[in-house]
Amino acid sequence: SQYSAVDTNPLSVYIMQPIWNKIIKMVPLWIAPNLLTFSGFVIILFNYFLISFYDWDYTASGTSPGLVPTWVWLFSAFTTFCAYALDSIDGKHARRTQSSTPLGELFDHGLDSWATSIFVLSFFSVCSRDNGKTGVSVYTMYIYLSIVLFNFMCSHWEKYNTGVLFLPWGYDISQVVLIAAYLLTGTVGVEVWQKPLLFGYYITDVLVILLIGFSLFLSFPQTLYNIHRAHLKKTLKNDSLYEGLLPLVSPLLLFVLLTVWVVLSPSNILAKQPRLFLWMVGVAFSNVICKVIICQMSSTRPELFHWFLFPLALVVYAAISGLLGGMEEAALGAFTALVTAAHVHYGVCVGRQLSEHLNIYVFSLKKRVQE
């Protein structure tokens, strides 16, 4: 299917696009677009592990603000900008080198679906978790991450139904806010997040309110409106309501199962292992969304139940029924490892199959020799 995307965000159109058009001229023509996409993802991942090293349990910014060195925040601002730039120019570079392929589209959106959660998890280190005085509770973190992933899912669900990806306004805004937040933290120190900004509200409160407001009053209504408009114009990809709603079943069930675990966990698993749990949420979601993206690109039907739901349901049942006893954290660790390995394996397999099918290399513009 022909890729079509619409970007109407003034920040993107008037400010960022001219910057990307300058940066793209510096990229050598022999570099494969997928290499740009992948480099951006690796940079985000590296930055995430760097922050995790200094702040595994999200307390460093709250308890003793000097625990994360200043250079780490400035480096985070730099890496976030680099990743944002690479993600914004990969498509332009593909058109410039006449190498736009379905593999490139899948690679870009697939890695984005994973990077989305990693951006959020890195940002949580800035505001730190609730220590009674300042910070954000781990439950707020979980809800915040879920809303961001819900937003991401909506734009791809919308494309599944309309055939057009309306680029969410939140994307460019969130990247610029992230970079600004890291720069602010690096220059002023984490203390800036721990003083009330207005009327006793903290910056973090304001950001959470903005995010929820953006999602519920801008993003989601826009998605429904775009689908409704396609319905009126008779350009919807799916005739029946069941077909149209099918991709939402697995992500919603995933969210329900995870929330049940968070709320009913005997050992309060989210508070014990927030980084592990939230990482697992992000990976599981990414895999579910990748399947939707593939279905939407190949015009096939998504399966009703994603296979992750079955082992997850077992683990959640064993945890909340008390069967696991003191093994809950170990079970979370094992499940997280399983999901992460399965997701990486899935990505490698799909990439390999598509590159063979399209007769191209993933990271090179050289053509494959026909056997």
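Cut-offs and rules
Residues numbered from 1 in each chain as written. Predicted model: local features only at pLDDT ≥ 70, side-chain atom pairs only at ≥ 80, totals over all residues. Heavy atoms only, no water. Patch = residues over 30% accessible without salt bridge, like charges linked within 9 Å, V, L, I, M, F, W, Y side chains within 5 Å. Areas by Shrake-Rupley, 256 points an atom, 1.4 Å probe, with all protein chains shown as cover. Salt bridge = Lys/Arg side-chain N within 4 Å of Asp/Glu carboxyl O. Helix = DSSP H or I, 4+ residues; strand = E, 2+ residues; numbered from the N terminus. Buried < 20%, exposed > 50% of the residue type's maximum accessible area, 1.4 Å probe, protein only. Axes fitted to C-alpha atoms, helices over the stretch in contact; angles between N-to-C directions. Parallel < 35°, antiparallel > 145°, perpendicular 65-115°, else oblique. Left-handed = near helix turned anticlockwise from the far one by under 90°. Contact = heavy atoms within 4.5 Å. Nonpolar A, V, L, I, M, F, W, Y, C, P; charged D, E, K, R; others polar. Expected span 1.5 Å × (residues − 1). Core = buried A, V, L, I, M, F, W, Y, C linked by side-chain atoms within 4.5 Å. Phe/Tyr/Trp six-rings, centres within 6.5 Å; stacked < 30°, edge-to-face > 60°. Lys NZ or Arg CZ within 6 Å of the ring centre and 35° of its normal.

Trainee: I tried to follow a nonpolar patch on the surface on my own but got confused; where do I start?
Mentor: There is a patch of nonpolar side chains on the surface, built from Leu197, Leu198, Phe199, Tyr201, Val206, Ile209 and Leu210 and spanning about 760 Å² of accessible area. Within the element layout of this structure, tyrosine 201 appears in the loop between α7 (169–188) and α8 (203–232). With a relative accessible area of 45%, tyrosine 201 lands in the partly exposed category.

Trainee: Please explain the packing of helix α2 (residues 33–54) against helix α5 (residues 102–127) as it appears in this structure.
Mentor: In a packed pair of helices, the relevant descriptors are the angle between the two axes and the axis-to-axis distance. For the pair α2 and α5, the least separation of the axes is 10 Å and the interaxial angle reads 20°. The pairing of α2 with α5 is recorded here as roughly parallel in orientation. Where α2 crosses over α5, the two elements pack in a sense that is left-handed. Taking contact as the criterion, the partners of Asn34, Thr37, Phe38, Phe41, Ile44, Leu45, Tyr48 and Ile51 in α2 are, on α5, Leu103, Gly104, Phe107, Asp108, Leu111, Trp114, Ala115, Ile118, Phe119, Leu121, Ser122 and Ser125. Classifying every residue of the contact of α2 with α5 gives 14 nonpolar, five polar and one charged.

Trainee: Mind showing me how you'd approach helix α6 (residues 138–162) here?
Mentor: Owing to its 3.6 residues per turn, the α-helix aligns residues three or four sequence positions apart on the same side. Counted at 1.5 Å a residue, the expected span for α6 with its 25 residues is 36 Å, and the 36 Å between its end C-alpha atoms agrees. Counting buried residues in α6 gives 21 out of 25 residues, a clear majority hidden from the surface. One or two steps after α6, the chain reaches glycine 163, where phi turns positive at roughly 85°.

Trainee: What should I look at first to understand the nonpolar core in this one?
Mentor: Side chains that are nonpolar tend, in soluble globular proteins, to be buried together. Phe123, Phe124, Tyr144, Trp261, Phe277 and Leu278 are the most contacted members of the largest nonpolar core, which totals 99 residues. With 14 residues, α5 is the single largest residue contributor to this core. Setting aside residues no more than four positions away along its own chain, phenylalanine 124 makes contact with Tyr58, Met141, Tyr144, Leu145 and Leu278.

Trainee: Sorry, what's going on with the packing of aromatic side chains here?
Mentor: Where two aromatic rings form a pair, the distance of their centres and the angle of their planes describe that pair. Under the definition given, this model contains 24 aromatic pairs. Ring plane angle 10° and centroid distance 6.1 Å describe the contact between tyrosine 142 and phenylalanine 255, whose orientation is recorded as stacked. Of this pair, tyrosine 142 sits in helix α6 while phenylalanine 255 is found in helix α9 (residues 241–264), placing the two residues 113 residues apart along the sequence. Owing to a relative accessible area of 34%, phenylalanine 255 belongs among the partly exposed residues under this scheme. Look at tryptophan 307 and phenylalanine 308: their rings are 4.6 Å apart centre to centre, the planes differ by 80°, and that puts the pair in the edge-to-face class. The class of phenylalanine 308 is buried, set by a relative accessible area of 2%. The ring of tyrosine 346 carries lysine 291 above its face, with NZ or CZ at 5.0 Å from the centroid.

Trainee: What's the story with the pattern of salt bridges in this structure? I'm lost.
Mentor: Close approach of charged atoms allows side chains with opposite charge to pair. What the rule picks out here adds up to four salt bridges. In this structure, lysine 159 and glutamate 105 form a salt bridge, with 2.8 Å as the shortest nitrogen-oxygen distance. Of this pair, lysine 159 sits in helix α6 while glutamate 105 sits in helix α5, and the two are 54 residues apart along the sequence. Judged by its relative accessible area of 3%, lysine 159 is buried. What makes glutamate 105 buried here is its relative accessible area of 9%.

Trainee: What exactly am I supposed to notice about helix α12 (residues 309–320) here?
Mentor: Across its 12 residues, α12 extends 16 Å between first and last C-alpha, which sits within 8% of the 16 Å expected from 1.5 Å per residue. Restricting attention to buried positions, one finds in α12 the residues Leu309, Leu312, Val315, Val316, Ala318 and Ala319. On its buried face, α12 is in contact with α9 and α13 (328–357). Looking one or two places after α12, you find glycine 322, whose phi comes out positive at around 90°.

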